Amino acid sequence: MIHRDYTVVGSEVHIDIFDDRMEIYSPGGMVNGRLIQELDVRHVPSERRNPVLADIFNRLGLMERQGSGLSKIVEGYQFEENYSEDKKPAFFSDRTQFIVMMPNLNYNVPQDVPQDVPQDSLNSQIISMIKDNNKISTETMASVLGTNSKTIKRHIKSMPNIHYVGRGSNGHWEIKE
């Protein structure tokens, strides 16, 4: 929404969900006219079409002042259990559109894989990691514990003494004992 090109009349952001991927379409290309597919997305400078709207979202804690969304998408995928190079997010732009294609990492993956770590042990390991770093992400926990972030989120949801305060990277975990 912050990056949408409002000069393209009658257009809107579209999110299409398929079994094997999600595609996000935004009208308008890159602000500087470059093609995202020709760039290293980890080093693309943030340029907003609407800095006032971006500032409002930042003040509400809904986004960062300096953009890092593309690199967060790529890095977030790399820590997931079923990630491989052929399931890497893809970006495409031209002067009229910007498209993000995010593969479903669980597509055609058996879902009945037994968990190696007992539930009580996993819960105590999660608590220990949060005590060591209250800003730790569920993706990092999953990577360290050898599971996936969905499992971590499911365990945290079942633990009434753990709560996330704030939003995104500006938030932190709290443990009530």
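Residues numbered from 1 in each chain as written. Predicted model: local features only at pLDDT ≥ 70, side-chain atom pairs only at ≥ 80, totals over all residues. Heavy atoms only, no water.

### What about the packing of aromatic side chains?
Here is step 1 of the chain: Per the stated rule, a full pass over the model turns up one aromatic pair.
Here is step 2 of the chain: The interplanar angle of 75 degrees and the centroid separation of 4.8 Å between the aromatic rings of Y164 and W173 together place this pair among those described as edge-to-face.
Here is step 3 of the chain: Residue W173 is classed as buried on the basis of its relative accessible area of 10%. (Phe/Tyr/Trp six-rings, centres within 6.5 Å; stacked < 30°, edge-to-face > 60°. Buried < 20%, exposed > 50% of the residue type's maximum accessible area, 1.4 Å probe, protein only.)

### So, the sheet that holds strand β1 (residues 14-17)
Here is step 1 of the chain: Here four strands make up an open sheet; going across it, the order is β1-β2-β4-β3 and the pairing antiparallel. Of all the strands in the sheet, the pair left with one neighbour each is β1 and β3 (90-93). Averaged over all neighbouring strand pairs, the angle between strand axes comes to 15 degrees, with direction disregarded.
Here is step 2 of the chain: Relative to strand β4 (residues 97-103), β3 is paired through four bridges, and the arrangement is antiparallel. Pairing of F91 across the sheet is with V100, part of β4.
Here is step 3 of the chain: Running over the sheet, helix α2 (residues 69-78) touches β3 and β4 and is turned about 15 degrees from β4. (Pairing = 2+ DSSP bridges. Helix = DSSP H or I, 4+ residues; strand = E, 2+ residues; numbered from the N terminus. Axes fitted to C-alpha atoms, helices over the stretch in contact; angles between N-to-C directions. Contact = heavy atoms within 4.5 Å.)

### Observations regarding the side chain of K87
Here is step 1 of the chain: Position of K87 relative to the elements: it lies in the loop between α2 and β3.
Here is step 2 of the chain: Although K87 is buried, it makes no salt bridge; D86 carries the closest opposite charge, 6.3 Å away.
Here is step 3 of the chain: Among the polar contacts made by the side chain of K87, one reaches the main-chain carbonyl oxygen of L105 at a distance of 3.4 Å.
Here is step 4 of the chain: Aside from chain neighbours lying at most four places away, what touches K87 is Y77, N82, P103, N104, L105, Y107 and V109. (Lys, Arg positive; Asp, Glu negative; His and termini not counted. Salt bridge = Lys/Arg side-chain N within 4 Å of Asp/Glu carboxyl O. Polar contact = N/O pair within 3.5 Å; in protein donor to acceptor, adjacent residues only side chain to side chain.)

### Quick notes on the pairing of strand β5 (residues 162-165)
Here is step 1 of the chain: Examined bridge by bridge, β5 and strand β6 (residues 172-175) share four bridges and lie antiparallel to one another. Bridge assignment links I162 to a residue of β6, and that residue is I175.
Here is step 2 of the chain: Linkage of β5 to β6, two consecutive antiparallel strands, is achieved through a turn of six residues, within which G166 is found at a positive phi near 95 degrees.

### Notes on the pairing of β1
Here is step 1 of the chain: Across four bridges, the pairing between β1 and strand β2 (residues 21-27) is antiparallel. Its bridge partner being in β2, H14 is matched across the sheet by Y25.
Here is step 2 of the chain: Where β1 folds back onto β2 in an antiparallel hairpin, the turn is made up of three residues.

### Quick look at the packing of helix α4 (residues 138-145) against helix α5 (residues 149-157)
Here is step 1 of the chain: As a packed pair, α4 and α5 sit with axes 8 Å apart at the nearest point and diverge in direction by 110 degrees. What the angle tells us is that α4 and α5 run roughly perpendicular. Together, T138, E139, M141, A142 and L145 of α4 and S149, I152, K153 and I156 of α5 make up the contact between the two elements.
Here is step 2 of the chain: Tallied by class, the residues present in the contact of α4 with α5 amount to five nonpolar, two polar and two charged. (Parallel < 35°, antiparallel > 145°, perpendicular 65-115°, else oblique. Nonpolar A, V, L, I, M, F, W, Y, C, P; charged D, E, K, R; others polar.)

### A look at the pattern of salt bridges
Here is step 1 of the chain: Evaluation of the coordinates by the stated rule reveals three salt bridges.
Here is step 2 of the chain: Between D20 and R21 there is a salt bridge, with its nearest N and O atoms 2.9 Å apart.
Here is step 3 of the chain: Owing to a relative accessible area of 32%, D20 belongs among the partly exposed residues under this scheme.
Here is step 4 of the chain: Residue R21 is joined to E23 by a salt bridge in which the shortest nitrogen-to-oxygen separation is 2.6 Å.
Here is step 5 of the chain: A network of salt bridges, in which partner residues are shared, links D20, R21 and E23.

### Things to note about α5
Here is step 1 of the chain: When α5 is considered as a whole, its buried residues turn out to be S149, T151, I152, H155 and I156. Taken around the axis of α5, the buried residues stretch over an arc of 160 degrees, which confines them to a single face. Away from its buried face, by an angle of more than 90 degrees, α5 presents the exposed residues K150 and K157.
Here is step 2 of the chain: Where α5 starts, the residue carrying a side-chain oxygen 3.1 Å from the main-chain nitrogen of K150 turns out to be N148. (Arc of directions from axis to C-beta.)

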